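# Fold and contact review
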Amino acid sequence: MPAERPTPPSAPDDVRQVATWLDNAVRVPGTDWRFGIDPLLGLAPGLGDTIGAVLSGWIVVRAAGLGASPATLARMTGNVLLDALVGTVPVLGDIFDFGFKANRRNLDLLEGHLRDPARRRDVDRRLVVAAAVAAVLVPVGLAALVGWLVFAAFRAAGL
């Protein structure tokens, strides 16, 4: 008789349920497309996005209590912030909320950490470093571009 493989650890039911309610609670009939209450909350200007961010933040806090690595928590927080920030843009933010599914992404990150914490820490660390480098290089590149455009404008004007 073959030995049973142990089931990999997964997120607790409360975290799984909140993520599902927020992102995947309702299936659109005749499709595989699902949505939850998060994009619906986002339709209420200001307050709706705030409530959605607080509920999403609870998943991150719960992940911290379950021992998720700081890098995993940083990625999860980034998902919540991106969802909240883009969600504040009228119309575009509402469309984004229906597709981005930050809570589902965060549930996947948490479960990846619970299955293989050492591997997830390495992957997360590399992604956080890449994001930090991009956060420095993008503004520097934009500043250089603006400087070059100003220089070119002065030169074209003969100044």
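In the block above lies the structure referred to throughout.
Residues numbered from 1 in each chain as written. Predicted model: local features only at pLDDT ≥ 70, side-chain atom pairs only at ≥ 80, totals over all residues. Heavy atoms only, no water.

A few words now on the overall build of the protein. When helices and strands are tallied, the protein shows 7 helices and 2 strands. Counted from the first residue to the last, the protein has its helices and strands arranged as α-β-β-α-α-α-α-α-α. Here the protein has a C-alpha radius of gyration of 21 Å; the compact-globule value for 159 residues is 15 Å, and the former is much larger. Dimensions of the protein, computed from C-alpha atoms along their principal axes, come out at roughly 85 × 40 × 30 Å. The burial tally for the protein puts 29% of its 159 residues in the buried class. Counting contacts in the protein only where the partners sit at least 6 residues apart, residues at least 24 apart contribute 62% of the total. Here the protein displays about 10,000 Å² of accessible surface, and carbon together with sulfur accounts for 70% of that area. If you average the places of the 16 positive and of the 15 negative side-chain charges in the protein, the two averages end up 7 Å apart. (Helix = DSSP H or I, 4+ residues; strand = E, 2+ residues; numbered from the N terminus. Rg over C-alpha atoms; globule rule 2.2 N^0.38 Å. Buried < 20%, exposed > 50% of the residue type's maximum accessible area, 1.4 Å probe, protein only. Contact = heavy atoms within 4.5 Å. Areas by Shrake-Rupley, 256 points an atom, 1.4 Å probe, with all protein chains shown as cover. Lys, Arg positive; Asp, Glu negative; His and termini not counted. Charge placed at Lys NZ, Arg CZ, Asp CG, Glu CD.)

The next point concerns the packing of helix H4 (residues 70-87) against helix H6 (residues 102-115). Close contact between H4 and H6 brings their axes to 9 Å; oriented N to C, the two are set at 175°. The angle between H4 and H6 falls in the class roughly antiparallel. On the side of H4, the interface is formed by Thr-72, Arg-75, Met-76, Asn-79, Val-80 and Asp-83, while H6 contributes Ala-102, Arg-105, Asn-106, Leu-109 and His-113. Partitioned by chemical class, the residues of the contact of H4 with H6 number 4 nonpolar, 4 polar and 3 charged. (Axes fitted to C-alpha atoms, helices over the stretch in contact; angles between N-to-C directions. Parallel < 35°, antiparallel > 145°, perpendicular 65-115°, else oblique. Nonpolar A, V, L, I, M, F, W, Y, C, P; charged D, E, K, R; others polar.)

A complete count under the given rule lists 4 aromatic pairs for this structure. A network of ring pairs unites the aromatic residues Trp-33, Phe-35 and Phe-98 as a single cluster. (Phe/Tyr/Trp six-rings, centres within 6.5 Å; stacked < 30°, edge-to-face > 60°.)

Glancing now at helix H1 (residues 13-23). The complete set of buried residues in H1 reads Val-15, Val-18, Ala-19, Leu-22 and Asp-23. The arc that holds every buried residue of H1, seen down its axis, measures 110°, which confines them to one face. In the core, the buried residues of H1 are packed alongside strand S2 (34-35), helix H2 (37-41), helix H3 (47-65) and H6. (Arc of directions from axis to C-beta.)

You will see that Val-91, though not glycine, has its phi angle at about 65°, which is positive. Of the residues examined, Val-91 reaches a relative accessible area of 58% and is grouped as exposed. Unlike most non-glycine residues, Lys-101 shows phi in positive territory, near 55°. Of note, Lys-101 is situated in the loop between helix H5 (92-100) and H6.

Next up on the list: the pattern of salt bridges. With the rule as written, the count across this model stands at 3 salt bridges. Taking the shortest distance from any N to any O, the salt bridge between Arg-16 and Glu-111 comes out at 1.9 Å. Note that Arg-16 is positioned in helix H1 and Glu-111 in helix H6, a separation of 95 residues in sequence. Of the residues examined, Arg-16 reaches a relative accessible area of 27% and is grouped as partly exposed. Its salt-bridge partner being Asp-108, residue Arg-104 comes within 2.8 Å of it at the nearest N-O pair. Highlighted residues: Arg-104 and Asp-108, both in helix H6, separated by 4 residues, approximately one helical turn. On the basis of relative accessible area, Arg-104 is assigned to the partly exposed category, the value being 27%. Exposure remark for Asp-108: the relative accessible area of 37% places this residue in the partly exposed category. (Salt bridge = Lys/Arg side-chain N within 4 Å of Asp/Glu carboxyl O.)

Here Asn-79 is to be found in helix H4. At 2.8 Å, the side chain of Asn-79 forms a polar contact with the side chain of Asn-106. The residues touching Asn-79, leaving out its near neighbours within four places in the chain, are Phe-100, Ala-102, Arg-105, Asn-106 and Leu-109. (Polar contact = N/O pair within 3.5 Å; in protein donor to acceptor, adjacent residues only side chain to side chain.)

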